[in-house]
Amino acid sequence: MSNLEEKTIHSEEIFSGKVVSLQIQEVELPNGKKSKREIIKHPGAVAIIAITNENKIVMVEQYRKALDRTIVEIPAGKLEKGEDPALCAHRELEEETSYVCESLKLLTSFYTSPGFADEIIHVYLAKGLTKKENSAALDEDEFVNIEELTLDEAIQYMKDQKIYDAKTIYAIQYLQLQEALAKK
């Protein structure tokens, strides 16, 4: 089949929240039949692989209600409407960890769950970290513990399922690959 596009016939927003909205879309399939799609709209996010001068990865432990448990993740946060992802990365790094960075490099961007959501995460590498005394505050409903892990400790956290989300697993695998390439 050469044309795989689904044409939207009708879209209805059935929920609009602080972070996401949910739409039900009626679509025409490539074969001419109709179907419904449930689509979550999200403004996008950033995630930061922050490496200290001691070569440790800065992580945040936080409770995730959708999972009903805490997990350890790289710092991340939602883009504000129209916000530049790099500026958001600087803001989120400082808010969540009290660190500011000298260099910030975009590594990649990826869709988290393209089967039902349009959320995109922009992943940055931050180096040259400095702890700020009077840093920006966390959001009022956000509570985190800061951890600084070696790559080996992060790998063990993955095995122990303390690290259990895609963006953080990507970060660890990225660092493993960089380490392997450096040894060649």
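Preceding this paragraph is the structure being described.
Residues numbered from 1 in each chain as written. Predicted model: local features only at pLDDT ≥ 70, side-chain atom pairs only at ≥ 80, totals over all residues. Heavy atoms only, no water.

(A) Broad picture of the overall build of the protein chain. Helices and strands together make up the secondary structure of the protein chain, namely three helices and ten strands. Written out in order from the N terminus, the α and β elements of the protein chain read β-β-β-β-β-β-β-α-β-β-β-α-α. By its C-alpha atoms, the protein chain is 60 × 45 × 30 Å across when sized along the principal axes. Summed over all atoms, the accessible surface of the protein chain reaches about 11,300 Å², with 50% contributed by carbon and sulfur. (Helix = DSSP H or I, 4+ residues; strand = E, 2+ residues; numbered from the N terminus. Areas by Shrake-Rupley, 256 points an atom, 1.4 Å probe, with all protein chains shown as cover.)

(B) Inspection of the pairing of strand 9 (residues 120–131) at higher detail. Two strands pair when backbone bridges link them, and strand 4 (residues 45–51) and strand 9 are joined in this way by six bridges, in the parallel orientation. Within strand 9, the position partnered with Ala47 by the bridge is Val123. (Pairing = 2+ DSSP bridges.)

(C) Representation of the packing of helix 2 (residues 151–159) against helix 3 (residues 166–183) within the structure. Look at helix 2 against helix 3: their axes get within 10 Å of each other, and the N-to-C directions meet at 140°. By the criterion of interaxial angle, the relationship of helix 2 to helix 3 is oblique. Helix-helix and strand crossings are classified by hand; for helix 2 and helix 3 the assignment is left-handed. On helix 3, the residues touching Leu151, Ala154, Ile155 and Met158 of helix 2 are Ile169, Ile172, Leu175, Gln176 and Glu179. Considering only residue class, the contact of helix 2 with helix 3 consists of seven nonpolar, one polar and one charged. (Axes fitted to C-alpha atoms, helices over the stretch in contact; angles between N-to-C directions. Parallel < 35°, antiparallel > 145°, perpendicular 65-115°, else oblique. Left-handed = near helix turned anticlockwise from the far one by under 90°. Contact = heavy atoms within 4.5 Å. Nonpolar A, V, L, I, M, F, W, Y, C, P; charged D, E, K, R; others polar.)

(D) Expanded view of the nonpolar core. In terms of nonpolar packing, the biggest core is built from 22 residues, with Ile49, Ile57, Met59, Ala154, Ile163, Ile172 and Leu175 touching the most fellow members. With near-sequence residues (within four places) excluded, Ile163 lies in contact with Met59, Val72, Leu149, Ala154, Tyr157, Met158, Thr168, Ile169 and Ile172. Counting residues in each nonpolar core, the second largest holds 13 residues, with Leu93, Cys101, Tyr124 and Leu129 among its members. (Core = buried A, V, L, I, M, F, W, Y, C linked by side-chain atoms within 4.5 Å. Buried < 20%, exposed > 50% of the residue type's maximum accessible area, 1.4 Å probe, protein only.)

(E) How the structure looks around helix 1 (residues 85–97). End to end, helix 1 covers 18 Å across 13 residues, agreeing with the expected 18 Å (1.5 Å per residue, within 8%). Of the positions making up helix 1, those classed as buried are Pro85, Cys88, Ala89, Glu92, Leu93, Glu94, Glu95, Glu96 and Thr97. Against strand 4, strand 5 (57–64), strand 7 (76–78), strand 8 (99–111), strand 9 and strand 10 (145–149) lie the buried residues of helix 1. The N-cap of helix 1, judged by a side-chain oxygen 3.0 Å from the amide nitrogen of Ala86 a few residues on, is Asp84. Once helix 1 finishes, Ser98 follows within two positions and takes phi at roughly 70°, a positive value. (Expected span 1.5 Å × (residues − 1). Polar contact = N/O pair within 3.5 Å; in protein donor to acceptor, adjacent residues only side chain to side chain.)

(F) Representation of the sheet that holds strand 2 (residues 21–28) in the model. The strand order across the open sheet built from three strands is 1-2-3, with neighbouring strands paired in antiparallel fashion. Only two strands of the sheet have a single partner each, and these edge strands are strand 1 (7–16) and strand 3 (34–41). For this sheet the average axis-to-axis angle between neighbouring strands, irrespective of direction, equals 20°. Relative to strand 3, strand 2 runs antiparallel, the two sharing eight bridges. Its bridge partner lying in strand 3, Gln23 is registered against Ile39.

(G) Quick look at the pattern of salt bridges. In the structure shown here, the tally under the stated rule is twelve salt bridges. Where Arg64 meets Glu73, a salt bridge forms, and the shortest distance between an N and an O atom there is 2.7 Å. The partly exposed category is assigned to Arg64, whose relative accessible area is 33%. Across the pair Glu73 and Lys167 runs a salt bridge whose closest N-O atoms are separated by 2.4 Å. Pair noted here: Glu73 is in strand 6 (residues 69–73) and Lys167 is in helix 3, with a separation of 94 residues, a long-range link. Accessibility assignment for this pair places Glu73 and Lys167 in one class, buried. Several salt bridges converge on common partners, so that one network encompasses Arg64, Glu73, Asp165 and Lys167. (Salt bridge = Lys/Arg side-chain N within 4 Å of Asp/Glu carboxyl O.)

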